[in-house]
Each structure stands twice: as C-alpha cells, then as structure tokens.
Amino acid sequence: MTIQKMYSTIRISVAALCLAGTLLALNGCSLDPANLNSATEDQALSTRDGIFATTVGLQRFYAVDVLPSIVTSTGVTSRELAVRRSFVNLVEIELGGAGLNNANANVLGLFTNLLRTIEISNLIINSAPRVTTIVDSTRNGILAVAYLHRAMALGNLIQNFEQAPIGTDRAERATYGNRTAVLNLAIQSLDSALLRLNATPGTLLPNSEFRNRVLPSGTAVDLRNVINAHRARYLLYAGRFQDAIAAADLVPLNSRSDFVYDGSNAINQLWASVFNAANASATGTNFGARDSLGLPAALYEAADSLRYRFFLGTTLVRPAGVGEAGFPGSIASPTPTAPPQFFHRNVLAFYTANNVSIPIYRPAEMTLIRAEAFVGLNRPADAVAEINRVRTKVGVTYAINTGANSTPYTGAQDAASLRTEIYKQRCIELFMTGTRLEDARRLGIPGPTPGQVVPPTVRNRNFYPYPERERTNNPNTPPDPTI
Amino acid sequence: MTQRLSLWRSNCSATARSAARRSLWLLALLLALPTVTHAQQLRYSISGKVLESATKQPVVGATVRIENTVLGVPTDRDGNFALLVSLQPGSYTISVSYIGFKRKVVKFTLGDNNQVQLGDVLLDEDVTRAEEVVVTGTSVLTSKKEIGNAITTLNASDIDKSAATSIDQALQGKVAGALINQNSGNPGGSISIQLRGVNTVFGSAEPLYIVDGVIINNARPVLLNLGGYAQNRLVDLNPNDIERIEVVKGAAAAAIYGSRANNGVVQIFTKRGALGEPRIEFGTRVNFDNVRKTLEVNTYPFLDPVGTPNQRPTQRFNFQDFIFRQAVGTETYLSVSGGGGSTQYFLSASYLGNQGIIKSSAFQRGTIRANLDQTINNWARLAFSASYSLSNSADILNNGASGSDGMLLALTFNNNNIDPRPDPVTGIYPRLATTANPVEIADRFVFGQVTNRIAGSLRLDVSPFEGFGADITAGFDTYTQTGTGFMPPGNTSGGAPDGFSRRATRDFRQFNLDANARYQVDLQPWLKSTTVVGGTLQYERIDQLAAQTTVLAPLVQTVGAGINAPPGELRDVPLTLYGGFLQQTFGAFDKYFLTLGGRVDASSGFGVSNRWQFYPRASFSYSLSDESFWKNAGIAQLINSVKLRAAFGNSGGITAIGSFDRLTLFSAVNYGGRPGLVPSTRLGTPDIQPERQREIEFGADLSFLNDRIGLEITYYDKVNTGLLIARNLAPSTGFSTRLDNVATVTNRGIELLLRAVPVQADNVRWETIVNFSSNRNVASNVVGGTVPLGIFNWSVAQEGQPLGIFFQNAFQRDANGNIVRSTGGPGGAGVPLRLLEPNGANAFRIIGDPNPSWTASWINQVQVVRNLTFRLQIDVLRNATVVNFTQRNLNGLGGGGAGAGRVLAGELPLGFYRNPAPTPDNPGVFFIAENWMEDGSYVKIREASISYAFNDLFGIRSGSISVIGRNLFSFDNYSGFDPELNAFATQPGGVRGGDDTETPIPRSISIALRVNF
C-alpha cells in the first residue's frame, strides 16, 4: 500500500466516523422520552406537586363532570326534568321502565363518572401517605378531600343502583356491595375524613398551604361542614337516626360551601345543559326544569309560590305536538311523539350563567334530615316542628334562602303522611341535587309497576340497570333490577 | 450549531447513549477492516455506448459499473458512457443494467493503453424483468431472479405520461396488489394506498416511503376542518425527479424494515447526473380540468307538492353552476445534469400551479433539488441529495363529514329555491336555510395551507476490498405546515356568523441513520454467499400549535381580532426506533437461492416489557428453466423461463401506537384558580407492542414465446395479529378504554402481472400490461364484536367480516328477499320500510362491503414509426359498496335534488325520503341506511395520451409533444359524482367508500411539451 493510499484510507475512515458520531449525537434518541403534554401517573402520584394537582383535579372532575350527570339523568328519571331533544339516550331515560336498556349512554356516564371519582380518590388515599415531602397537616387536608369525594361517589351510586362496586379494580373484577355495605363504606370514609381533619389539634385546619394550593381560592368550601352534611345524609339513609341528628346538628345553617366555576376553564355545565333564560335562544339544551317540579297536584302547593319562583322562571315551553289553540289548557295531541313531552320552564337559581357557583349541599337538608330521623324515632311532634321550620322559614337564617311563604303543617301525623310531607319539602328544597329518586323510594312514594305505562309524575324507574360495558367485562356484576 | 447540538442531546438518556456508543464501535470495526493492498494504479478512460439490441436505439440512463469497485456512471442521452478511473492493470468486469432490460456483463483488461474503448454494449429487453436489479427488502443490489418475493418496479417512463400531480397519483393502476384511491378531486389531492389489503384496525394503512434513503413522512395533518378532506404530504414531492420506484407489499419482502413494514414499503430513487456535457431537460404542460359529471337537481316549479291547494310557485337554481368552473393549470420543469472528473450533478426546479374545479380552490407547488455524486477514489463514493418544496393550497370548506359549512354542503343541505348570488345593490349574500351561501364561501372565505419542506440525505459507499461493501446514509425530512382559515364577520354561515379566524402550525422533523455492510464471496465455484448486516436509528418529533377565535373585528383576518382563544398545543411528540438486521443469502448453481434473515427492533412507543421485537424472514427461489432437463425439453421453446419462489416474513406496524400509549396520562386542568391534573379516561397499556404480521407468499415468474410474454403470479397470505383496539373497559376499573393488542386481520389474495409485446414489427410496436389483484380481508378477535371505525360509525370492524363493512339499519324484506313497502298513510304507499327487532328497536345488519372483490388495470402502449406513441390505461374495480351521503342529503335534507322534485311532482310517494308522520318502521328512506348503499364498481379511462417525438428540430436535440387525458371517462352505475370519492380518508385505514359531498375528481386534459438540449 502506498503512503498516499494509506492516508486517504485513514482520512475517509475518520471522516466517516466523525459524521456517524455527530449524527448519532444529534439525535434525541431516548427510548423513554419525556412527555411534555401531560403528566404520567407515576409523576402525578409520587411528587408533592403532583398530589396537590391531582386533588385539585378530583374536585374539578366532580364539580364539572360528575355533578351534571348526577343531576340531569336522575332528574329525568325522578321527573324533575324534561328532555328537550330527541337523541336516543335522552328519549330512553325519559321513557324509563323497560325502555331504558343497559346500553343507555346517560346511565353509563353516571356510573362511569362515579367510579372514576372513586378511582381518583383511592389513588390519592393510597399515594399521599407515601409522599413524604408533604407536611402532615396538608396531607391530612388532602386525604380529607379524597375520602369525602369517595363517600359522595359511593352515596350517589347507591342512591341510583341496587348494588354498587365497593372499589375499583383495573383487572375488571370489582366486587359489589349491597345498600348497607356501600352506605357503611361511605360513612366510614367520611369518618376517616373527619379524623384526618381533627388529627392535628390546635392548628387551624385546613392549613394555609392546603387552602392556597388544594382548595378552590376564596372561602368557597368549609370542608368540615361538607363532610358533616354528607355524614348526616348517609347516616339517615342507613337508618342510624340518632347519629344522623347529631351530625346534622354540627352543620351551621348559615354557612354554605360551593362548587365553583369561572366560566372559561371550569364551566357550570348545568347552565349549559338545562334550559334557562341565558341560553333560551339556543336550541342546544338537552334538559328543562319541569313545570310544577314535575309533581302531582297532591304534592304541589300553588300557594307556595315564593320557593317555586326561586327555581322556576316565567317562560313556559309546551310539549311537542301540543296544539296552539287554548294553550296551555287544551291539548290537541294528547300523546306527543317527540320531546319535549312535558311542560317546562326556564330554570333560575344557580343555573343562569356559566360562572355561577352551585351549593355542594343545601343547609335546609339538615332540618329535613332531622325531621325524617324524628319520624324514624317515632317522635312525630319533633318531626312536625322541623318540617314547619322549613315551611315557614321566616326569621330563620339559612345561607341559601329559597324563601318560604307557606303555612305550618296541618296534615296527619302518622309516619306515612309525615314522610310524604318530608318528600314534598325535599322536592323543592333539594331541587336538582340528584337525591329525588332515592328520596321517593326511601320515603315510600308509590313508584312504577313493571309492564305498566308510567304516569308522567311518577318516577319511571326505581333503580338503573347496570351498564352493558360493566356486565360484559366484570363477571361480578349483579342481575339487573326488574324496574 | 453547538447550541442545536446540545438541544438535541438533552433528550438523550444514558442507555441510548451507550447504544449509540455500541453502534459507533460497530461502525469503527467495519471501517477498520483492512483494505487490500494495491499495486501501482494507472489512470484509464473506459468508454462505450449502450444500445437496445432490438432497435439499436441508445439507452439513456443505464447504469454502468465496474464490479468490485464503487466506480459507476449512467449513460448520457446518446447512450454513451465514459469512466475516468485510477485502477491497477488487470482483468475487470463491467456490468450494464437498465430497468426493463437484461443486465449485460462485459469483461475487459486494463493494460498499457489508457484509452479503453468497449464499443457497443447491446441490452436485450427483459419482458419478465427477471434480471432486474433491485434493492428494496434486501439492502443490497440483487437480481430479481434471486429474490423469493414479488417486487414491483417502475421507472420514469412508466409515469411521465400520467399528468399526475403527485407520486402516489401517478402509481394508480400500475402496481399489482395495490389499491390506490383518489379520495378527492381537490387540486392538492388526497390519495390513499393500501398494499395487499388493510393490516391494522385503528392505524393508518399507508406504506412506508423511502426517498434516496430517507424516510419520508406521508401524514395527513388536519390543521383546518375542511370537512374530512386533508392533503397527504407526499404531494410535496415532484414526480418529475423520479428515476425509479420499487414497491414491496408485505412482511415476506419487507421484514428488514421491521416495525414499520406491515403496510409495505415504497422506495423511490431520484435521478442522478451522468458524466458529460450538461444535459438540459425542459418540460411544460398546460392542463384544462372540468367536472366530469354533475348531479340532477330539483326543477319542480312549486314549493308544495302537487295537489296542494294554492301551490306556492318558486324559481329553482342549480347551485352547481355557482360552484364548479373550468379550471386551468400549468406545470413547468427544468433539470440540468452532467458531470466532469469525479463529480456528477443533477439539478432541477419545478413549478406546478393548478386551479381546482371548485371556485377559489387552487394548489401551487415549487420544488428544487440538487443531487451530487462525488467519487472520492476507486473504493469510496459520496452521494448527496437535497430537495426543498413549497406547497401552497387555497382550500375551500367543501363537505359534510364534520364541517357545518361548505361549497358542496350548500348544494346538499339547502333547498334550491333561493338565488345564492349577492344582491346587486347592497352586495349582501342571501342567507340559506342551513349552511353558508356557496357564492359567499367562494368570494369571501379564505382557507389555505402552506408547507415548507426540506428533505435530504448524504450517503457514503465504500468498497475497500473485493466482495465487501458498506454504506452509511444519514437522512432528514422536515416540514412546517401552516393552515389558516378566515370567515369575515357578518357572514351567512351557521357555525360562525360573526366571523372566524384560525391558525394552526405543525412542525415535523424526522431523522434516520442507516449503516449497512455486505460481503459477497464464492464459497465454492457453485456456491455464492452474500452476508448483509445493518443497523438503523430513526427519530421523529411533532410539534403543533393551533389557535382560533370567533366574533372578529371587521377587516382584520388574524386570530387576535376575535374572542375566546384557548390555543391547543402538542409539544415534542417523539418516536425513537432502533433496529438491526442480519441476513444471509446462498446461491447455488445460479439456480437455487435461499435467504435467511432477522431484524431486531426497539422503539420508545413499545411497552418496556415488549421493547425488543424480533422479525425473522426466509425466502427461496428456484430457477427451474436453468435445469438442463428443461433446457433440453421441447417445452423450453414455448416457456423460456420459469422461476418458482416462496417467501416468509414477519414485520411490525406502529401506525396505531401513539408515542405515550403505554402510560396512563394525567392532563392539565384548572379549578377554582388552582392548577390540577386529571387522569385520562384511557388506561395506559404498559405492555403495548407493535402490531405483528406474518406473511407467506408463493409465486412464479414465467416467460413465453421467446420472452414476448411475461407472467408473474403471486399468492399471499398475511396474518396480522395483536392489532390494537381501544377496548371498552368495565367502568368499575375507573377508566373507560384501553388499547389492547387483541385483534386479528387476515389478507389473502392473488396478484397477477402480465406483460406482453403482441406486435413487434419494424414500424409498429404494441406493448400491453395487465395487472390483476384480488384480496380477501377478514377481521377476527374483535373485542366487543363490533367496533366502530368511521363514517359516522356506519363503517365497523366486526367479527368474521372484512374491515370497514357497513353495519346499519336495513330494509324490511319478505321471504323472497323483496323490500316490503308501505301501503298507505300520510307518507303514501310504496315507501320502503325499515327493519325492526322484535322489541321495536332499530335492527342493524351488514348492508355493504367497501372492499372490492377485485381490481385490474390494462395498460397499452403502441408506438408507430418511432415517433408516434399512443398510450391507454384502463382501471377496473369491482363490487365495492359506496355509501352515498351526497344523494341522501341532497334529497332528504336540503330538497334540492331531482328525487325531492319527483316527490313534489307526485312521481314518488310524499313520504319517500322523510315520512311527515314517521313511525319506527316507516320513517322514510332518509333514515334507512341500506337505501344509500350503492355499487361502486367502475371502469375508468384513467390515462390516455398521444405523443409525438422529434429529434434535431430548431436546435432541440430531442423532444416530444403530447396530449394527455386523465380520468376521461368512468363507466359506472353510481348516482353520485364519482364512486372513488372518500371524504373519510383521515379515519383508520379500513374506512373506505364514504362519499359525502367530496370534490369530484376532474376530467383533465393536458398538452405537454418536453425538450432536451
């Protein structure tokens, strides 16, 4: 080999190596690249910032996504709301009975959202104790939020389903519990939440870091009140009347806690989906608040106008196919073929703008919980006193003042009559909170009969069927209820 | 540069660095292999001339190589070649190859005379193309004879009379086993290619494109909602630059491309320079496009049906008169190539400007390219390629797949009783019932996309000692595509009457580095061995930013002029892929060829536990006609050559895997003024792996009657397993869906390619080619039984059925299969009824299959007296269902169609399209999906041309003038514009046959002039 040839060989080899080396180095060549567009589960659950943010995300998910599915779907089933559009999922929930099948998208949405709430809560409950960089008092607040949301999800599941998964399972083998088991789990969860809040005595809980990083800004949420209000509710459901009264007593009636919306990042979705004055021109609302709250005449006092006017506006929409002549009295076509099937009005209250806050619970529920518990304890006089406190709210400062211009209760004082009265009061005070289906069942209001046409003012199901996706994939899914 | 280096490097993890280090060592080893010592070298000039043996015409662009060196050169326009080389004296072999001709080998000796004249080298035509040399799938130049799989090759002359805008369009009808569909007639085009069926459920079915060693992205980014239409980015490449295309169609052939090979590989080589004086080629073309077929509209002069008291008279308009136009386009192309000393160059520039047949739509593309070849010495050579393109489209909102306004949508969604032209006094555009006014869309809406693209590669070839060669290719492909959309305030649209502005930008970069080494040796005089080892590193990254606003200030078009602007961003969505392969070929007695190989891949998209994938392959070919018993038998007179082949291979598919699908992701939200994170509803798939394909193919290549007829026939069987499906989870998991590697799709079929020269006389030569393909596609293990794919969920994947079948509500039929019709009622008698389940629910049935039972093309070329060439290509597609949303909406929604007019005139029952008193079983045919299923079979005159070639005229050395027709006629029974249209090309690969007011494919007539100086 000549010297020249050798040099050129070396030269080219070196050049090639330099080229290859440079190009390799140029490459962003990792097999485990970072994702700048979203956090991974690992990152979110193993870091301080991640836990804080996930707890914020849980509250947002409940306020923005879960609440609307609770209020609208069960509202239609319990006849609070009318559907306004002819999408098949909407028509099915308004039809109810056997017409509501396992594939219904609204039922699926409700079930899925509640289970997701449990999953996110459990992720926080399991992960937050392992992130040692979070100070104890903040962690306690975070855990209280997670336990509360888990309880709310469990409670809403058992309000609407005969049985409910008592936890989530990524292997699709979640086990179900009956009403007692699920309510007990919800109550335990709330007890844990309270325990956490009370764990560090002497400090102001929640601490400022928790308030500034995890809870919504301002003073929208008094966590302890929200927990106690839900404890009172589920203790009542579970039949532990004395405990329910004790829990209700802990909730000051002149305080409120809210789901908050800013109108751009987090929108009040009930404003968007329930017909109201602000969106009256839009044809896009799926639901409308039914005239007379969708109640039969026996449960509706026209004289109680102040409270009705708190929720219902003056625009009355007639059912499809109902004639112009003599409107609203005469009905040209008695069986509307398309939604809306029911007279409904524009909704007011917390649903008139995309940034209006919605109360997490209504303080008047505490009074009605006491009333119902007294009925259960066979103390009718005490029950009537509580009922009248709500009926004649003059002078009583409720943080959410729906008003009241009614007269004291004069009906019979047997348990059934009192429960019917309590149902009537709950229908108005807890309007659009998603409890009416549960209330009607629990308070003995007559429901639908399998195989019969469901009257327009009677709830159209007792329980929802389990979603098809659950049944197909989870062999533990219980049989569907008959109606 | 330093800064950029560090930026790129910041992503590099330690493991990847060590892998990179390993690759470097490998490379170093390869290059450090000893170079053979040479004796004293002398300079020689080796020259000759390459001619067609039959006609004695020069062969332009034939490759002339000195074997066992990197020295080579293409022939010039006169067929001459001249190699100026430094070599030691001795015996050498020169090989001359050109596509369509048999390779010729000439031995010669270098001695004292340094001017070596090899004289005329005559190439014989290779009708069967058995001798063709290909590289795709083998990574080493290999004669087709030695390959066990089918491979399709095309050269420039196969496509230069197609008047196509893009490469994929030019390939239509020319590749057996390929279903190439023009989805839209928009001037920017939208083409879909499926090679041997669809091999994925949710991913893209498009093959991998490689241009001069660079992986070229062919995505369809949807930056603007044009209603389902999106350009595919292959449109940025200039078809005039192409020298050669090789197509392999599945795992059996493409296994060495590993995880990206499931959909096949299309490898494209651009033209390169030849030694000699500058060769200038100039081409120009003018094309005239118009709509081939328009739809019949409602001409009934009353708004009310016949028999209504006091029928309201009305004037009717044909909106198509305001939508379509006669469009004109031009294309200009210039290339200069040549070379001197050890350098060759090829430079080109082009401009294409096309108007669309829909008013205001247009497409322009400018490209430049530089290809340089530098011979460093007799064993090292550099090849450089670079291209830049600027594509610019004026888009129109034009269909209903997802947009709410559009030109053709205005035709189908509105009645035709309003004159859409602006008021002559006020200039105000009349408002239509449902959508924006088409005249206003053309006049005032501004939608467009601009793409800047640079792609290039540098390749080093070394051949340091006999039998050994290695190459390194570094390539990159990068583009920025920007879409802008503007609708002025006070417009007639339903979606954004107060104005709309959007700007979206997508940055794409792709980089690949490939190194291959090969060693060829004769182990025995009868046993030849070829060993190939290679490695690849591929990286791509996507960034996207989009912002849009509504309610604009007047006279301002930017996004800032409006309100509500939450921009959407995708930042650094990466994909990294490492691969390595080893392949061994044995050739025995020049008759038996066996190849065994395997590829190993790792990608950032795969789950950690499935990160490394192995794809084996094997192929065998047997040249039966080389056996002496065959040669001596009488049959050899009839059948000249017989090659039998079989191949097996595995490959992967990643088009359905997102960069981070293996992880459960939490997305950013905000609540109560606090930043938050919420888990996605999709559970991550930690063990996600590529979709895998196993393909077996068998085939035979035959030639008859003295090579006048060549036949290639192939049967293939592809089984794709582990296809990703977004499976619905039990909600009690806390999630809604998860991607699971569960589904299976098989494609089985045959391909046939017949080439013949029926007439070969002094003055007439007739060449004919027939392509035929038939594919059967079946999906199985479809979790959930029926999974929606697209076309408003009408197109589904269903257990045991072909992908994309239409599953929707059907006609009620009696025992004989006849449609049951209504007998009276408000809708009248004779309306087809809808099938219901016993419980009263809508009954869904399989009502159509969009996959053709077979496709074929027939290409004829007749040359008369060497000057006049006639060319005709006919494409046939049989038995593919098309869902005709165009007619459905035209008659059932807007009422501007002829059918709606027939209802008014009483020729059809009143409730034919929509029953005024609908019942579940009699809603009117608008609501019965089966009514809109049509046979999309067609026979199309795809290309027809007449060319006249001339020489030495007005100082022009050679040239041709042609009249070229494209999509001249379609023979079909389809009632829409064109059965080929598909407004859903951005949906998964299996979704076909959705005609939803997509722009019709124009009839195009071009006059083209091409001259060489």
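Here the structure is shown first, and the text comes after it.
What comes next concerns the included structure. (Residues numbered from 1 in each chain as written. Chains lettered and ligands numbered in written order. Predicted model: local features only at pLDDT ≥ 70, side-chain atom pairs only at ≥ 80, totals over all residues. Heavy atoms only, no water.)

1. What about the overall build of chain B?
Then step 1. Helix and strand counts for chain B stand at twelve helices and 50 strands.
Then step 2. Seen through its principal axes, chain B has C-alpha atoms that stretch 105 × 70 × 65 Å.
Then step 3. The buried share among the 1013 residues of chain B stands at 61%.
Then step 4. Nonlocal contacts in chain B, meaning residues at least 24 apart in sequence, comprise 69% of its contacts between residues at least 6 apart.
Then step 5. With an accessible surface of roughly 37300 Å², chain B has 58% of that area assigned to carbon and sulfur atoms.
Then step 6. Taken together, the 88 basic and 82 acidic charged side chains of chain B have centroids lying 3 Å from each other. (Helix = DSSP H or I, 4+ residues; strand = E, 2+ residues; numbered from the N terminus. Buried < 20%, exposed > 50% of the residue type's maximum accessible area, 1.4 Å probe, protein only. Contact = heavy atoms within 4.5 Å. Areas by Shrake-Rupley, 256 points an atom, 1.4 Å probe, with all protein chains shown as cover. Lys, Arg positive; Asp, Glu negative; His and termini not counted. Charge placed at Lys NZ, Arg CZ, Asp CG, Glu CD.)

2. Side note on the sheet that holds strand 31 (residues 674-679) of chain B
Then step 1. Spatial strand order, 1(A)-30(B)-31(B): three strands in an open sheet with antiparallel pairing. A single partner strand is all that each edge strand has here, and the edge strands are strand 1 (39-40) of chain A together with strand 31 of chain B.
Then step 2. Bridge count for strand 30 (residues 665-671) of chain B against strand 31 of chain B is six bridges, and the pairing is antiparallel. Note that in strand 31 of chain B the partner of F666 of chain B across the bridge is P679 of chain B.
Then step 3. Helix 3 (residues 48-77) of chain A contacts strand 30 and strand 31 of chain B of the sheet and is inclined by roughly 80° relative to strand 31 of chain B. (Pairing = 2+ DSSP bridges. Axes fitted to C-alpha atoms, helices over the stretch in contact; angles between N-to-C directions.)

3. Focus: helix 15 (residues 415-429) of chain A
Residues and elements named next belong to chain A.
Then step 1. The terminal C-alpha atoms of helix 15 lie 20 Å apart, and with 15 residues this matches the ideal 21 Å at 1.5 Å per residue to within 8%.
Then step 2. Within helix 15, burial applies to L418, E421, I422, Y423, K424, Q425, R426, C427, I428 and E429.
Then step 3. For helix 15, the secondary structure elements touched by its buried residues are helix 9 (223-237), helix 12 (305-311), helix 13 (364-376), helix 14 (380-391) and helix 16 (436-442). (Expected span 1.5 Å × (residues − 1).)

4. Concerning the nonpolar core
Then step 1. Ranked by internal contacts, the top residues of the largest apolar core, which has 129 residues, are I142, L223, I227, F259, M366 and M432 of chain A.
Then step 2. Ranked by residue count, the leading element in this core is helix 3 of chain A, at 14 residues.
Then step 3. Here L223 of chain A is in contact with G141, A144, V145, L148, L197 and F210 of chain A, once residues within four sequence places are set aside.
Then step 4. Judged by nonpolar contacts, the second largest core, of 34 residues, contains F319, V439, F500 and I1001 of chain B. (Core = buried A, V, L, I, M, F, W, Y, C linked by side-chain atoms within 4.5 Å.)

5. Some points on the pairing of strand 6 (residues 104-110) of chain B
Sheet faces and side chains relate simply in a regular strand, where the side chains alternate between the two faces.
Residues and elements named next belong to chain B.
Then step 1. Strand direction decides the pairing type here: strand 5 (residues 90-97) and strand 6, joined by seven bridges, are antiparallel. Among the inter-strand pairings, Y92 is bridged to a residue of strand 6, identified as F108.
Then step 2. Here strand 5 folds back onto strand 6, and the loop between the two strands holds six residues, one of which, G100, carries a positive phi near 90°.

6. Some words on the sheet that holds strand 6 of chain B
In any sheet, the strands associate via hydrogen bonds between backbone groups, in a parallel or an antiparallel arrangement.
Residues and elements named next belong to chain B.
Then step 1. An order of 3-2-5-6 is seen for the four strands of this open sheet, with the pairing classed as antiparallel. The open sheet has two free edges, formed respectively by strand 3 (72-74) and strand 6, since each of these has just one partner strand. Strand after strand, the sheet turns through a mean of 20° between neighbouring axes, direction not considered.

7. Some thoughts on the packing of aromatic side chains
Then step 1. Under the criterion given, the structure shown has 30 aromatic pairs over all chains.
Then step 2. Summarising the aromatic geometry, the rings of Y592 of chain B and Y622 of chain B are spaced 5.0 Å apart at their centres and angled 5° between planes, so their arrangement reads as stacked. Pair noted here: Y592 of chain B is in strand 27 (residues 592-603) and Y622 of chain B is in strand 28 (residues 612-623), with a separation of 30 residues, a long-range link.
Then step 3. Cluster of aromatic residues (ring-pair linked, three or more members): F111, F161, Y176, Y464 and Y466 of chain A.
Then step 4. It is R244 of chain B that lies over the ring of F269 of chain B; its NZ or CZ is 4.4 Å from the centre. (Phe/Tyr/Trp six-rings, centres within 6.5 Å; stacked < 30°, edge-to-face > 60°. Lys NZ or Arg CZ within 6 Å of the ring centre and 35° of its normal.)

8. Here's the deal with the pairing of strand 24 (residues 500-524) of chain B
Residues and elements named next belong to chain B.
Then step 1. Where strand 23 (residues 468-487) and strand 24 come together, 20 bridges link them in antiparallel fashion. Bridge pairing in strand 24 places A470 opposite A517.
Then step 2. With 24 bridges connecting them, strand 24 and strand 25 (residues 527-550) associate as antiparallel partners. Its bridge partner lying in strand 25, R502 is registered against Q548.
Then step 3. Here strand 24 folds back onto strand 25 in antiparallel fashion, the turn holding two residues.

9. A word on empty space enclosed by the protein
Residue and element names in this part refer to chain B.
Then step 1. Per the counting criterion, the structure on display carries 17 cavities of 30 Å³ or more.
Then step 2. Considered as a void within the structure, the largest cavity measures approximately 270 Å³ in volume.
Then step 3. Around the largest cavity, the lining is made up of 28 residues, and of these T165, Q169, Q182, P187 and N354 lie nearest the centre.
Then step 4. Residue assignment for the lining of the largest cavity shows that the elements contributing at least two residues are helix 4 (167-170), strand 17 (276-290), strand 19 (343-355) and strand 48 (956-971).
Then step 5. The dominant element in the lining of the largest cavity, judged by the number of residues it contributes, is strand 17, at three residues.
Then step 6. The residue makeup of the lining of the largest cavity, split by class, is eight nonpolar, 16 polar and four charged.
Then step 7. One number sums up the size of the second largest cavity: a volume of about 200 Å³.
Then step 8. Residue lining of the second largest cavity: 18 residues in total, with L179, Q194, G197, N775 and P852 positioned closest to the centre.
Then step 9. For the lining of the second largest cavity, the secondary structure elements donating two or more residues are strand 11 (178-182), strand 36 (764-780) and strand 43 (854-864).
Then step 10. The biggest single contributor to the lining of the second largest cavity is strand 36, with four residues.
Then step 11. Looking at the lining of the second largest cavity residue by residue, the class counts come to six nonpolar, ten polar and two charged. (1 Å grid on protein atoms, 1.4 Å probe; cavity = no way out; pocket = protein on both sides within 12 Å on 5 of 7 lines; lining within 4 Å. Points joined across faces, edges and corners; volume = space filled by probe spheres on them. Nonpolar A, V, L, I, M, F, W, Y, C, P; charged D, E, K, R; others polar.)

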